[in-house]
Amino acid sequence: MKFPRRYHSTIYGNYRRAYLRCGLLTGVLLFLYILVRHLLGVPSEAPESFATDGILLAAVFLLTLLYRNSLPDKRASLKELMLFGFGLSLVASLLYGLLLWGFGLAVPSQAALFAHATTGAEVTPEDPQIHYWAAFAAIVAAVKLAIIGCFGAFLAAVFFKNDNPQKQ
(Lines give C-alpha, C1' and ligand atoms only; values in the text may rest on other atoms or scores of the structure.)
Protein backbone atom coordinates (compact mmCIF):
# COMPACT_ATOMS: atom_id res chain seq x y z
CA MET A 1 0.00 0.00 0.00
CA LYS A 2 1.41 3.36 -1.02
CA PHE A 3 0.73 6.44 1.07
CA PRO A 4 -0.41 9.53 -0.80
CA ARG A 5 2.22 12.19 -1.18
CA ARG A 6 1.52 15.51 0.55
CA TYR A 7 1.35 18.50 -1.73
CA HIS A 8 4.06 21.02 -0.96
CA SER A 9 4.05 24.41 -2.66
CA THR A 10 6.35 27.39 -2.56
CA ILE A 11 5.14 30.95 -2.17
CA TYR A 12 7.34 33.20 -4.30
CA GLY A 13 6.15 36.67 -3.34
CA ASN A 14 4.46 38.75 -0.67
CA TYR A 15 0.91 38.09 -1.85
CA ARG A 16 -0.69 39.65 1.25
CA ARG A 17 0.71 43.11 0.65
CA ALA A 18 -0.06 42.77 -3.06
CA TYR A 19 -3.71 41.80 -2.57
CA LEU A 20 -4.22 44.60 -0.06
CA ARG A 21 -2.92 47.19 -2.52
CA CYS A 22 -4.72 45.74 -5.51
CA GLY A 23 -7.94 45.21 -3.54
CA LEU A 24 -7.96 48.84 -2.43
CA LEU A 25 -7.40 49.96 -6.01
CA THR A 26 -10.18 47.72 -7.32
CA GLY A 27 -12.64 48.77 -4.60
CA VAL A 28 -12.06 52.43 -5.37
CA LEU A 29 -12.42 51.74 -9.10
CA LEU A 30 -15.77 50.02 -8.50
CA PHE A 31 -17.01 52.95 -6.43
CA LEU A 32 -15.81 55.48 -9.03
CA TYR A 33 -18.13 53.83 -11.54
CA ILE A 34 -21.12 54.54 -9.26
CA LEU A 35 -19.89 58.05 -8.44
CA VAL A 36 -19.25 59.06 -12.05
CA ARG A 37 -22.67 57.82 -13.14
CA HIS A 38 -24.25 59.87 -10.35
CA LEU A 39 -22.27 62.98 -11.28
CA LEU A 40 -23.26 62.59 -14.95
CA GLY A 41 -26.93 62.60 -13.93
CA VAL A 42 -27.51 58.96 -14.87
CA PRO A 43 -27.49 57.21 -11.49
CA SER A 44 -26.94 53.49 -11.37
CA GLU A 45 -30.18 51.60 -10.77
CA ALA A 46 -28.56 48.79 -8.78
CA PRO A 47 -25.46 48.59 -6.59
CA GLU A 48 -24.22 45.59 -8.57
CA SER A 49 -24.69 45.11 -12.27
CA PHE A 50 -23.00 43.60 -15.28
CA ALA A 51 -20.75 46.65 -15.40
CA THR A 52 -19.50 46.25 -11.82
CA ASP A 53 -19.12 42.50 -12.35
CA GLY A 54 -17.09 43.18 -15.49
CA ILE A 55 -14.91 45.76 -13.78
CA LEU A 56 -14.19 43.36 -10.92
CA LEU A 57 -13.46 40.36 -13.14
CA ALA A 58 -11.24 42.39 -15.47
CA ALA A 59 -9.33 43.77 -12.48
CA VAL A 60 -8.91 40.30 -10.96
CA PHE A 61 -7.56 38.82 -14.20
CA LEU A 62 -5.33 41.78 -15.04
CA LEU A 63 -3.92 42.22 -11.53
CA THR A 64 -3.33 38.48 -11.13
CA LEU A 65 -1.33 38.48 -14.34
CA LEU A 66 0.60 41.59 -13.25
CA TYR A 67 1.31 40.01 -9.85
CA ARG A 68 2.61 36.83 -11.45
CA ASN A 69 4.82 38.80 -13.84
CA SER A 70 6.27 40.81 -10.93
CA LEU A 71 7.56 37.67 -9.18
CA PRO A 72 11.11 36.37 -9.53
CA ASP A 73 11.35 34.19 -12.64
CA LYS A 74 7.66 35.00 -13.21
CA ARG A 75 6.72 31.75 -11.44
CA ALA A 76 3.58 31.34 -9.36
CA SER A 77 1.75 28.31 -8.04
CA LEU A 78 -1.98 27.75 -8.14
CA LYS A 79 -2.14 28.16 -4.36
CA GLU A 80 -0.38 31.52 -4.39
CA LEU A 81 -2.53 32.92 -7.18
CA MET A 82 -5.70 31.64 -5.47
CA LEU A 83 -4.73 33.33 -2.20
CA PHE A 84 -3.90 36.54 -4.05
CA GLY A 85 -7.16 36.53 -6.02
CA PHE A 86 -9.37 35.66 -3.05
CA GLY A 87 -7.74 38.36 -0.94
CA LEU A 88 -8.07 40.93 -3.72
CA SER A 89 -11.76 40.10 -4.22
CA LEU A 90 -12.61 40.20 -0.54
CA VAL A 91 -10.77 43.47 0.11
CA ALA A 92 -12.29 45.09 -2.99
CA SER A 93 -15.84 44.00 -2.19
CA LEU A 94 -15.53 45.05 1.45
CA LEU A 95 -14.21 48.49 0.52
CA TYR A 96 -16.85 48.87 -2.19
CA GLY A 97 -19.58 47.99 0.30
CA LEU A 98 -18.30 50.51 2.84
CA LEU A 99 -18.00 53.28 0.24
CA LEU A 100 -21.43 52.43 -1.13
CA TRP A 101 -22.92 52.61 2.36
CA GLY A 102 -21.38 56.05 2.94
CA PHE A 103 -22.59 57.21 -0.46
CA GLY A 104 -26.10 55.96 0.29
CA LEU A 105 -26.09 57.93 3.55
CA ALA A 106 -24.84 61.08 1.81
CA VAL A 107 -27.22 60.81 -1.17
CA PRO A 108 -30.59 59.42 0.02
CA SER A 109 -32.06 59.39 -3.49
CA GLN A 110 -29.38 56.92 -4.58
CA ALA A 111 -30.05 54.75 -1.52
CA ALA A 112 -33.78 54.72 -2.36
CA LEU A 113 -33.01 53.71 -5.94
CA PHE A 114 -30.74 50.89 -4.72
CA ALA A 115 -33.38 49.71 -2.22
CA HIS A 116 -36.01 49.58 -4.94
CA ALA A 117 -33.67 47.64 -7.25
CA THR A 118 -32.65 45.06 -4.63
CA THR A 119 -36.03 44.46 -2.95
CA GLY A 120 -38.72 45.92 -5.18
CA ALA A 121 -40.06 47.96 -2.25
CA GLU A 122 -41.23 51.50 -2.86
CA VAL A 123 -38.76 53.54 -0.80
CA THR A 124 -38.55 57.32 -0.96
CA PRO A 125 -35.55 59.47 -0.05
CA GLU A 126 -37.63 60.91 2.83
CA ASP A 127 -38.09 57.47 4.40
CA PRO A 128 -36.99 57.58 8.07
CA GLN A 129 -35.21 54.23 7.65
CA ILE A 130 -33.23 55.21 4.55
CA HIS A 131 -29.97 54.63 6.42
CA TYR A 132 -30.98 50.99 6.94
CA TRP A 133 -31.76 50.63 3.26
CA ALA A 134 -28.35 52.09 2.39
CA ALA A 135 -26.65 49.53 4.63
CA PHE A 136 -28.76 46.69 3.20
CA ALA A 137 -27.89 47.56 -0.40
CA ALA A 138 -24.20 47.87 0.48
CA ILE A 139 -24.13 44.48 2.22
CA VAL A 140 -25.94 42.75 -0.64
CA ALA A 141 -23.59 44.29 -3.21
CA ALA A 142 -20.48 43.40 -1.20
CA VAL A 143 -21.52 39.77 -0.76
CA LYS A 144 -22.47 39.30 -4.41
CA LEU A 145 -19.25 40.89 -5.63
CA ALA A 146 -17.17 38.81 -3.22
CA ILE A 147 -18.69 35.62 -4.62
CA ILE A 148 -18.20 36.68 -8.25
CA GLY A 149 -14.66 37.89 -7.52
CA CYS A 150 -13.66 34.64 -5.83
CA PHE A 151 -14.96 32.68 -8.80
CA GLY A 152 -12.95 34.94 -11.12
CA ALA A 153 -9.89 34.48 -8.88
CA PHE A 154 -10.20 30.72 -9.23
CA LEU A 155 -10.33 30.99 -13.02
CA ALA A 156 -7.43 33.43 -13.12
CA ALA A 157 -5.33 31.16 -10.92
CA VAL A 158 -6.03 28.17 -13.16
CA PHE A 159 -5.16 30.14 -16.31
CA PHE A 160 -2.03 31.90 -15.03
CA LYS A 161 -0.31 29.29 -12.84
CA ASN A 162 3.01 28.19 -14.25
CA ASP A 163 4.69 26.33 -11.39
CA ASN A 164 3.78 22.65 -11.25
CA PRO A 165 4.62 20.44 -8.27
CA GLN A 166 7.59 18.15 -8.79
CA LYS A 167 6.85 14.44 -9.08
CA GLN A 168 8.74 12.14 -6.77
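Heads up: the structure comes first, above all this text.
Scope of this entry: the structure provided in the associated data block. Residue numbering note: each chain is counted from 1, following its sequence as written. Confidence filtering applies because this is a predicted model: local features only for residues at pLDDT of at least 70, side-chain atom pairs given and counted only at 80 or more, and all residues used for totals across whole chains, interfaces and linings. Computation of side-chain values: all heavy atoms of the structure, hydrogens and water removed.

### Examining the overall build of the protein chain
Looking only at helices and strands, the protein chain has five helices and zero strands in total. In sequence order, the secondary structure elements of the protein chain are arranged as α-α-α-α-α. In this setup the radius of gyration rests on C-alpha atoms only. A globule is expected at 2.2 Å times the number of residues raised to 0.38. For 168 residues, the compact-globule estimate of 2.2 N^0.38 gives 15 Å, and the C-alpha radius of gyration of the protein chain, at 19 Å, exceeds that figure by more than 25%. Its C-alpha atoms give the protein chain principal-axis dimensions of roughly 70 × 35 × 25 Å. In the protein chain, which comprises 168 residues, the proportion classed as buried is 42%. Contacts were defined at the residue level, with two residues in contact if any of their heavy atoms lie within 4.5 Å. In the protein chain, the proportion of contacts linking residues at least 24 apart, taken out of those at least 6 apart, comes to 77%. Within the structure as shown, the protein chain displays about 9,800 Å² of accessible surface, and the carbon and sulfur contribution to it stands at 68%. Within the protein chain, the 9 negative side-chain charges are centred at a point lying 23 Å from the centre of the 14 positive side-chain charges. Secondary structure elements follow DSSP: runs of H or I no shorter than four residues count as helices, runs of E no shorter than two count as strands, and numbering proceeds from the N terminus. Partly exposed describes any residue whose relative accessible area lies between the buried limit of under 20% and the exposed limit of over 50%, with all areas from a 1.4 Å probe on protein chains only and scaled to the type maximum. Using a 1.4 Å probe, the Shrake-Rupley method yields the accessible areas, and only the shown protein chains count as cover for residues. Working convention for charge: Lys and Arg count positive, Asp and Glu count negative, and His plus the chain ends are omitted. Where a charge lies is defined by one atom per residue type: Lys uses NZ, Arg uses CZ, Asp uses CG and Glu uses CD.

### Section: the packing of aromatic side chains
Classification of ring pairs rests on two measures: the distance between centres of Phe, Tyr or Trp rings, Trp counted by its six-membered ring, which must be within 6.5 Å, and the angle between planes, read as stacked under 30 degrees, edge-to-face over 60 and tilted in between. Summed over all chains, the structure comprises six aromatic pairs. A centroid spacing of 6.1 Å and a plane angle of 80° characterise the contact between phenylalanine 61 and phenylalanine 160, whose relative ring orientation is edge-to-face. Residue phenylalanine 61 is located in helix α2 (residues 50-70), and its partner phenylalanine 160 is located in helix α5 (residues 130-160); the two are separated by 99 residues in the primary sequence. Residue phenylalanine 61 is classed as partly exposed on the basis of its relative accessible area, which comes to 23%. In this structure phenylalanine 160 comes out as buried when scored by relative accessible area, which is 16%. For the ring pair tyrosine 67 and phenylalanine 84, a centre distance of 4.6 Å and an interplane angle of 5° mean the geometry is stacked.

### Quick word on a nonpolar patch on the surface
Patch definition: residues with relative accessible area over 30% and no salt bridge; like charges joined within 9 Å; nonpolar side chains (Val, Leu, Ile, Met, Phe, Trp, Tyr) joined within 5 Å. We define a salt bridge as a contact between a side-chain nitrogen of Lys or Arg and a carboxyl oxygen of Asp or Glu at a distance within 4 Å. Judged by side-chain polarity, Val28, Leu29, Leu32, Val36, Leu40 and Val42 come together as a nonpolar surface patch covering roughly 520 Å² of accessible area. Relative to the helices and strands, leucine 40 resides in the loop between α1 (15-39) and α2. Exposure remark for leucine 40: the relative accessible area of 66% places this residue in the exposed category.

### A look at the side chain of serine 93
In this structure, serine 93 sits in helix α3 (residues 78-106). For serine 93, a relative accessible area of 4% gives the class buried. Each residue touching serine 93, except ones within four places of it in the same chain, is listed here: Ala142, Leu145 and Ala146.

### Let's talk about the state of the cysteines
The disulfide criterion used throughout: a pair of cysteine sulfur atoms within 2.5 Å. One pass over the structure, following the stated rule, counts zero disulfides. Here cysteine 150 is not disulfide-linked; the sulfur of cysteine 22 is the nearest cysteine sulfur, at 15 Å.

### Describing the packing of α3 against helix α4 (residues 108-119)
All axes here are fitted lines through C-alpha atoms, helices being fitted over the stretch that makes contact, and every angle between N-to-C directions spans 0 to 180 degrees. α4 packs onto α3 with a crossing angle of 120° between their chain directions and a minimal axis gap of 5 Å. Where α3 approaches α4, its residues Leu100, Phe103, Gly104, Leu105 and Ala106 are matched on the opposing element by Pro108, Gln110, Ala111 and Phe114. In terms of residue class, the contact of α3 with α4 is built from seven nonpolar, two polar and no charged. Gly falls in the polar group here, along with every residue not listed as nonpolar (Ala, Val, Leu, Ile, Met, Phe, Trp, Tyr, Cys, Pro) or charged (Asp, Glu, Lys, Arg).

### Brief notes about the packing of α2 against α5
For the pair α2 and α5, interaxial distance at closest approach is 9 Å and the crossing angle is 35°. The two elements α2 and α5 meet at a crossing, and its hand is right-handed. Listed contacts from α5 to Thr52, Asp53, Leu56, Leu57, Val60, Phe61, Thr64, Leu65 and Arg68 of α2 are Leu145, Ile148, Gly149, Gly152, Ala153, Leu155, Ala156, Phe159 and Phe160. Definitions for this section: a left-handed crossing has its near helix turned counterclockwise from the far helix by less than a right angle. A right-handed crossing has that turn clockwise.

### Quick word on the side chain of glutamate 80
Within the secondary structure, glutamate 80 is located in helix α3. Whenever two N or O atoms come within 3.5 Å, that pair is a polar contact, provided that in protein one can donate a hydrogen and the other can accept it, and provided that, for residues adjacent in sequence, both atoms are side-chain atoms. For glutamate 80, the side chain forms a polar contact with the side chain of tyrosine 67, separated by 2.6 Å.

### Some details on the nonpolar core
Counting 33 residues, the largest nonpolar core has Tyr67, Phe84, Leu88, Tyr96 and Leu100 as its most contacted members. Elements supplying a minimum of two residues to this core: α1, α2, α3 and α5. Of the residues forming this core, the biggest block, nine residues, is contributed by α3. Among all residues touching tyrosine 67, those that are not within four sequence positions of it are Gly13, Asn14, Tyr15, Ala18, Glu80, Leu81 and Phe84. Grouped together as the second largest cluster of nonpolar side chains are six residues, Ala111, Ala115, Val123 and Ile130 included. Throughout, nonpolar core names a set of buried Ala, Val, Leu, Ile, Met, Phe, Trp, Tyr and Cys residues whose side chains join them through atoms within 4.5 Å.

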